[in-house]
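Inside the fold
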Amino acid sequence: MQAPVVVLNSSITRQTGREAQIANITAAKAVADIIRTCLGPKAMLKMILDPMGGIVLTNDGHAILREIDVSHPAAKSMIELSRTQDEEVGDGTTSVIILAGEILAQTFPYIEKNIHPIIIIQALKLALSDCLKFIHEISVPIDLSNEAELLNLIKSTIGTKYIAKWSDQMCKLALQAVRAVSVSYSDGHKEIDIKRYVRVEKIPGGEIEDCQFINGCILNKDITHPKMRRHIENPRVILLDCPLEYKKGESQTNIEITKEEHWNRILEIEEEQIKSMCDDLLKFKPDLILTEKGVSDLAQHYLLKGGVTALRRVRKSDNNRIARVTGATIVNQVDDLKESDVGTNCKLFKVELIGDEYFTYILSNDVEKSKACTILLRGPSKDIINEIDRNLQDAMAVARNVFLEPSLSPGGGATEMAVSIKLLENLSKIENIQQLPYKAVSDALEIIPRTLIQNCGKNPIRILSKLRSEHSKGNYTMGIDGDTGNIVDMKDYGIWEPETVKQQSIKTAIESSCLLLRIDDIVSGIRKDERR
């Protein structure tokens with residue numbers, strides 16, 4: 001008899017075949033169970049201690065999973081899902097994890113019955129294309145000029161979050177911000193870049209009601225010289241990406257001096273260099289100069305004499321926003337400056353003391369032209385402001401999705417239930433063994449209304465049966481009231497969600513389930529730091 005050949009290292013563990021698939025499904029279910037209580041308006045909060053000792057208080061699925069440290073590879077891939085969902089559409093991060101976990105749980109019996117994973121995956125892909133078709137059928141268009149409808153839609157997103165109490169105020173902030181940065185091109189293409197052009201400035205102190213939308217930029221900076229002007233109306237603005245200091249040598253520079261006057265001459269050359277820089281700038285009669293680099297004391301002196309206010313070490317991202325607000329162009333060298341580079345769209349420059357820090361306001365005089373804005377958040381503590389920021393990002397993402405694709409699906413689990421019933425009706429058209437996993441998707445979609453009912457403390461069996469019968473009659477807008485757990489018509493109740501969010505969450509959930517089912521071998525090697 002031949003001795004066994006050991007190929008893998010002894011420290012490596014390996015799971016193959018059905019054992020690997022069962023391990024993946026169990027890990028995915030464990031991740032889904034962590035955030036199941038975070039769905040709906042009656043969602044519970046999670047408190048997480050991060051590695052640095054800070055506290056995260058949130059019920060946002062993505063924020064929770066981002067902070068959790070997991071070791072199982074399948075659990076890590078589930079956490080990636082919420083990140084994908086957050087980047088793509090910004091909302092539905094909790095739903096996508098719950099859905100993916102439930103789809104895998106529903107396909108688990110068929111793995112045990114030795115149905116080949118590829119057959120299950122084909123059925124899931126078939127169900128996915130039908131789901132997307134049905135979602136599109138039950139979705140309704142929205143009028144983007146109707147302010148009340150848009151606010152209602154954003155309110156349904158915020159309703160499940162911590163800031164639901166201040167939803168009217170937050171909805172207006174999110175809508176104003178998205179409208180402010182929306183850019184339409186001549187070819188019909190629309191660009192709404194929230195990440196780059198909406199700055200959220202968080203200042204602890206004050207009340208949550210003090211949060212406000214500012215059509216312009218706020219910088220946590222003070223002027224460089226105490227005698228410079230702190231309040232300028234309609235300033236001419238120059239933005240620089242170069243230092244207003246004398247040029248130092250690229251590498252080590254050695255200068256040999258033989259006479260004492262030469263030393264004085266070297267200092268004079270440095271001063272002359274700065275003076276000529278400032279003179280070049282003052283030719284354009286600016287009132288305000290901002291640079292991403294430093295401003296020397298001598299440059300401050302010359303600029304002050306010319307009646308110019310200067311700010312230094314402005315962040316690149318802030319400078320880009322200010323360029324949009326003021327209409328100025330960021331210049332890399334003072335010599336390249338032209339009259340057309342000077343910004344004239346700024347209405348007001350002012351420096352104000354908020355709390356115990358100075359903040360610089362650069363406000364635009366035209367909402368249509370500025371295309372960049374700031375949201376100022378106030379609140380009693382840092383943790384609360386961070387949670388408001390997370391919730392506000394979701395609200396802005398939903399507003400952006402609707403502006404890009406103005407179509408809505410009913411919320412409160414109504415869409416999931418409608419798609420589930422449609423899949424059941426379609427079941428007879430599916431041939432052979434694929435019927436079983438196809439039905440598994442239909443059963444898995446019921447997890448969203450069921451979780452909403454459970455989080456309200458109601459009996460899910462009775463209410464789900466009633467909801468199922470309503471949908472069988474063709475009432476596709478019937479869903480769950482997240483506050484009471486009763487069945488309501490979403491048309492009257494006013495809970496709608498963007499179609500893109502619904503489609504993306506089902507797409508991501510099913511595709512990730514297919515990915516995990518396709519794995520039949522897990523090799524986990526333990527790396528030894530020191531080999532003795």
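One can find the structure itself at the top, above this paragraph.
These lines cover the structure that appears in this document, whether it is placed above or below.

Our focus in this paragraph is the overall build of the protein chain. Looking only at helices and strands, one finds 19 helices and 22 strands in the protein chain. Seen along its three principal axes, the alpha-carbon backbone of the protein chain occupies a region of about 95 × 75 × 45 Å. Counting all 532 residues of the protein chain, 51% fall into the buried class. As displayed, the protein chain has an accessible area near 26200 Å², and 49% of this comes from carbon and sulfur atoms. Averaging the locations of the 68 positively and 75 negatively charged side chains of the protein chain gives two centres separated by 2 Å.

Throughout the structure, instances matching the rule amount to zero disulfides. With no disulfide partner, C242 has as its closest neighbouring cysteine sulfur the one in C278, 11 Å distant. Free of any disulfide, C373 has its nearest cysteine sulfur in C217, 8.5 Å distant.

The terminal C-alpha atoms of helix α3 (residues 73-88), which comprises 16 residues, lie 23 Å apart, in line with the 22 Å expected from a rise of 1.5 Å per residue. Buried residues of α3: A74, A75, M78, I79, L81, S82 and Q85, and no others. Looking straight down α3, one finds that the buried residues subtend no more than 150 degrees of arc, so they occupy a single side. Elements that come into contact with the buried residues of α3 comprise α1 (17-34), α2 (61-67), α4 (93-112) and α19 (499-517). Looking one or two residues past α3, G90 carries a phi angle of roughly 80 degrees, positive in sign.

With respect to the secondary-structure elements, S442 resides in helix α15 (residues 435-445). Taking the relative accessible area as the measure of exposure, S442 reaches 1% and is therefore buried.

Take the pattern of salt bridges next. Side-chain pairs of opposite charge can arise whenever the charged atoms involved come near each other. In this structure the tally under the stated criterion is 29 salt bridges. Linked by salt bridges that have partners in common, R199, E201, R315, D318 and R321 make up one network.

To continue, consider the packing of aromatic side chains. Scanning all chains against the criterion turns up zero aromatic pairs. A cation over an aromatic ring shows up here: R324 above the ring of Y197, its NZ or CZ 3.6 Å from the ring centre.

Here the focus is the packing of α4 against α19. Taken N-terminus to C-terminus, the directions of α4 and α19 make an angle of 40 degrees; their axes are 9 Å apart at the nearest point. On the basis of their axis angle, the class for α4 and α19 is oblique. Where α4 crosses over α19, the two elements pack in a sense that is right-handed. Residues V96, L99, A100, I103, L104, T107 and I111 of α4 lie in contact with α19, whose contacting residues are S505, I506, T508, A509, I510, S512, S513, L516 and L517.

All right, on to the nonpolar core then. Side chains of nonpolar character tend, in soluble globular proteins, to be buried together. Counting residues in each nonpolar core, the largest one holds 79 residues, and the members touching the most others are M170, L244, L290 and M396. In contact with M396, other than residues within four places in its own chain, are A174, A177, V178, I194, V198, V200 and I375. Counting 65 residues, the second-largest nonpolar core is a separate cluster that includes A32, L124, V441 and L516.

Another point: the sheet that holds strand β11 (residues 237-240). An order of β13-β12-β11-β14 is seen for the four strands of this open sheet, with the pairing classed as parallel. If you trace the sheet from one side to the other, it starts and ends with β13 (309-311) and β14 (330-331), each paired once. Note: β11 against β14, two bridges, orientation parallel. Looking at the pairing, L239 lines up with I330 of β14.

On to the sheet that holds strand β9 (residues 216-219), then. Sheet architecture is open: four strands sit in the order β9-β16-β15-β10, paired in antiparallel fashion. Only two strands of the sheet have a single partner each, and these edge strands are β9 and β10 (231-233). Direction aside, the axes of adjacent strands within the sheet are offset by 15 degrees on average. Relative to strand β16 (residues 357-364), β9 is paired through four bridges, and the arrangement is antiparallel. Looking across to β16, one finds that C217 is bridged to I362.

Let us look at α19. Relative to the 27 Å expected for 19 residues at 1.5 Å per residue, α19 spans 27 Å between its end C-alpha atoms, a close match to the ideal helical length. The buried count for α19 comes to 16 of 19 residues, which makes it a mostly enclosed element.

A separate point is the pairing of strand β2 (residues 46-49). Here β2 runs beside strand β3 (residues 55-58); their pairing, made up of four bridges, is antiparallel. Across the sheet, residue I48 finds its bridge partner in β3, namely V56. Here β2 hands over to β3 after five residues, with G53 in that stretch at a positive phi of 95 degrees.

Before going further, it helps to examine unusual backbone geometry. You will see that N114, though not glycine, has its phi angle at about 65 degrees, which is positive. With respect to the helices, strands and loops of the structure, N114 is situated in the loop between α4 and α5 (117-138). Residue N114 is classed as exposed on the basis of its relative accessible area, which comes to 56%. Of note in the backbone geometry, R313 takes a positive phi value of approximately 50 degrees without being a glycine. Structurally, the position occupied by R313 is in the loop between β13 and α11 (316-326).

The rules behind these values
Residue positions are given per chain, counting from 1 as you read along its sequence in written order. In view of the model being predicted, local features appear only for residues whose pLDDT reaches at least 70, and side-chain atom pairs are presented and counted only at 80 or more, with totals across whole chains, interfaces and linings using the full set of residues. Only heavy atoms go into the side-chain values, all of them from the structure, while hydrogens and water stay out. The helix count covers DSSP runs of H or I at least four residues long, the strand count covers runs of E at least two residues long, and both are numbered beginning at the N terminus. Type-normalised accessible area, obtained with a 1.4 Å probe on protein chains alone, sets the label of each residue: buried when under 20%, exposed when over 50%, and partly exposed for intermediate values. Accessible areas in this description were obtained via Shrake-Rupley with a 1.4 Å probe; residue shielding takes into account the shown protein chains only. When charges are counted, Lys and Arg contribute as positive and Asp and Glu as negative, whereas His and the chain ends are disregarded. By convention, the charge on Lys lies at NZ, on Arg at CZ, on Asp at CG and on Glu at CD. Cysteine sulfur atoms that pair up within 2.5 Å are treated as a disulfide. The span one expects for a helix is its residue count, reduced by one, times 1.5 Å. Directions are taken from the helix axis to each C-beta atom, and the arc is the one they span. In this description, contact between two residues means that some pair of their heavy atoms is separated by no more than 4.5 Å. A carboxyl oxygen of Asp or Glu within 4 Å of a side-chain nitrogen of Lys or Arg is what we treat as a salt bridge. The aromatic pairing rule takes the rings of Phe, Tyr and Trp, using the six-membered ring of Trp, and pairs them if the centres are within 6.5 Å, calling planes under 30 degrees apart stacked, those over 60 edge-to-face and the rest tilted. Comment: the charge-over-ring label is applied if NZ (Lys) or CZ (Arg) is within 6 Å of the ring centre and within 35 degrees of the ring normal. Here the axes come from fitting lines to C-alpha atoms, over the contacting stretch only for helices, and the angles between their N-to-C directions go from 0 to 180 degrees. In what follows, roughly perpendicular refers to angles from 65 to 115 degrees, roughly parallel to angles under 35, roughly antiparallel to angles over 145, and oblique to any angle outside these ranges. Crossings are classed by handedness, with left-handed meaning an anticlockwise turn of the near helix from the far one by less than a right angle and right-handed meaning a clockwise turn. Residue types Ala, Val, Leu, Ile, Met, Phe, Trp, Tyr and Cys, when buried and joined through side-chain atoms within 4.5 Å, form a set referred to as a nonpolar core. When DSSP locates at least two bridges between a pair of strands, those strands are taken to pair.

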